[in-house]
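Residues per chain are reported as follows:
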Amino acid sequence: MARPGVAKIDVDALIVGGGPAGLTAAIYLGRFRRSLALVDAGQSRLGLIPITHNHPGFPDGVKGRVLWARMKTQAEHYGAVVRTGAIESIHHQAKMFVCDLDGTEIRARFVVLATGVADRPPAAHFAEAVKKALIRLCPICDAYEVIDKQIGVISIGERGAHEAIFLRDYSPHVTLLHAGKPAELNAKARKMLAAAGIGLVEAEIVSVNLEGDRTVELALADGVRLGFDTVYSALGMDNRTGLAVALGAKTNEAGCLLVDEHQKTSVDGLYAVGDVVRGLNQISIAEAEAAIAATDIHNRLRA
Ligand SMILES: Cc1cc2nc3c(=O)[nH]c(=O)nc-3n(C[C@H](O)[C@H](O)[C@H](O)COP(=O)(O)OP(=O)(O)OC[C@H]3O[C@@H](n4cnc5c(N)ncnc54)[C@H](O)[C@@H]3O)c2cc1C
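If you're wondering where the values come from, they're calculated on a predicted model, not measured in any experiment.

## What to know about a nonpolar patch on the surface
Argument step 1. On the surface, a nonpolar cluster with roughly 260 Å² of combined accessible area is contributed by Ile140, Phe166 and Leu280.
Argument step 2. Mapped onto the secondary structure, Phe166 falls in helix α5 (residues 159-168).
Argument step 3. Since its relative accessible area comes to 34%, Phe166 is described here as partly exposed.

Here's what the structure looks like:
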């Protein structure tokens, strides 16, 4: 029962997050003629992509923000209303998921969690550097664009060593900038780096200076300055799983939500799609997972 004076919305599905995963779920559910509420806090990683070249259908690439706006328009075309805001908590009550958005109570049979991840920033000026593609976050996405460039990889621990070795297939000029304690980079990783001809610098990065749109200069604690055409941050990310975990959903050791082949979490009625889920963090994967989840929800509602 809604509290007196509290606006109430009853929908088939609540979609939390309006990046490519959430918007694709909205497009599918809209076309299945299902009622939905989509709430988005506006921090999609699409907003950080200067231009993507690996999304099928755009031979000349497409700016992340343009793709985001087009997907939103498409979702609205099929009846979705994108509500701006952040869902703080969801509870389960009489087979319905219930949450509050600015005083409006949203009640849904199903929830699609599409909340994504938050990248760990390497240093100040991070956002500006990412927009200019001087600091990059995803070699799978854009290593093709840095063939033969001077590439730095910032990391703590082994993760950066693997990214540096991945990038070595694209350029002979790769340096790993290890920002952690020496013991955090194990002997095996050091051996692999040396065998691949990857430089290793172990020092704290105290500042990042952007030289126009062309190069990025890192100042190290010992006063040394290093210049690169591009720098990858391999500092990792934090999955926004809080809402699902509070409902009892299981995650793996890396903190990603575990789902089955229909994108169902371990909580009945709760689906998770996109970067928040274990697996490859890519736009096309987010879209595919959303299509699978939306279709399963539709079929369950039909049944
Ligand atoms: C710099 C960069 C370049 C990239 N380049 C490529 C590329 O070239 N090709 C490619 O395939 N992929 C690329 N990616 C990865 C791609 O952006 C992600 O895989 C994709 O955006 C994931 O979609 P998503 O919908 O799961 O999450 P997101 O796009 O991150 O969207 C999640 C949304 O959920 C919202 N949200 C979170 N919590 C809440 C809440 N509690 N309530 C309401 N809303 C909430 C967030 O604000 C956000 O808007 C790149 C990523 C980065 C950072």
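## Comments concerning the sheet that holds strand β14 (residues 225-228)
Argument step 1. Pairing in this open sheet of 3 strands is antiparallel, and the strands run β12-β13-β14 from one edge to the other. Edge strands, defined here as strands with exactly one partner in the open sheet, are β12 (205-211) and β14. Geometrically, the sheet is characterised by an average inter-axis angle of 20 degrees between neighbouring strands, direction not taken into account.
Argument step 2. The sheet contact formed by β12 and strand β13 (residues 215-220) spans 6 bridges and is antiparallel. Paired with Glu211 across the two strands is Thr215, which belongs to β13.

## Quick look at helix α2 (residues 64-77)
Each α-helix winds once per 3.6 residues, and so residues spaced three or four apart point in a common direction.
Argument step 1. The first and last C-alpha atoms of α2 sit 20 Å apart over 14 residues, in line with the 20 Å expected at 1.5 Å per residue.
Argument step 2. Buried residues of α2: Gly64, Leu67, Trp68, Met71 and Ala75, and no others. Projection of α2 onto a plane perpendicular to its axis shows the buried side chains occupying an angular sector of 100 degrees, all on one side. Exposed side of α2, more than 90 degrees from the buried face: Arg65, Arg70, Thr73 and His77 are the residues found there.
Argument step 3. Downstream of α2 by a residue or two, Gly79 has a phi angle that is positive, lying close to 100 degrees.

## Concerning the packing of α5 against helix α6 (residues 187-195)
Argument step 1. Two elements in contact, α5 and α6, have axes separated by 10 Å at closest approach and are oriented at 15 degrees. On the basis of the axis angle, α5 is roughly parallel to α6. Relative to α6, the crossing made by α5 is left-handed. Across from Ala161, His162, Ala164 and Ile165 in α5, the residues of α6 making contact are Ala189, Met192 and Leu193.

## Some remarks on the pattern of salt bridges
Argument step 1. One pass over the structure, following the stated rule, counts 9 salt bridges.
Argument step 2. As a salt-bridge pair, Arg45 and Asp275 come within 2.9 Å of each other at their nearest N and O atoms. Of the two residues, Arg45 sits in the loop between β2 (36-40) and α2 while Asp275 sits in the loop between β17 (270-272) and α8 (283-302), which places them 230 residues apart along the sequence.
Argument step 3. Residues Arg120 and Asp238 are paired through a salt bridge, measuring 2.9 Å at the closest nitrogen-oxygen approach. In this pair, Arg120 is assigned in the loop between β7 (117-119) and α3 (126-131) and Asp238 in strand β16 (residues 237-239), connecting sequence segments 118 residues apart.
Argument step 4. Residue Arg120 is classed as partly exposed on the basis of its relative accessible area of 37%.
Argument step 5. A relative accessible area of 40% places Asp238 in the partly exposed class.
Argument step 6. Because the salt bridges share partners, they merge into one network encompassing Lys8, Asp10 and Arg107.

Cut-offs used in this document
Residues numbered from 1 in each chain as written. Predicted model: local features only at pLDDT ≥ 70, side-chain atom pairs only at ≥ 80, totals over all residues. Heavy atoms only, no water. Patch = residues over 30% accessible without salt bridge, like charges linked within 9 Å, V, L, I, M, F, W, Y side chains within 5 Å. Areas by Shrake-Rupley, 256 points an atom, 1.4 Å probe, with all protein chains shown as cover. Salt bridge = Lys/Arg side-chain N within 4 Å of Asp/Glu carboxyl O. Helix = DSSP H or I, 4+ residues; strand = E, 2+ residues; numbered from the N terminus. Buried < 20%, exposed > 50% of the residue type's maximum accessible area, 1.4 Å probe, protein only. Pairing = 2+ DSSP bridges. Axes fitted to C-alpha atoms, helices over the stretch in contact; angles between N-to-C directions. Expected span 1.5 Å × (residues − 1). Arc of directions from axis to C-beta. Parallel < 35°, antiparallel > 145°, perpendicular 65-115°, else oblique. Left-handed = near helix turned anticlockwise from the far one by under 90°. Contact = heavy atoms within 4.5 Å.

Keep in mind that these numbers describe shape and distance, not what the molecule does.
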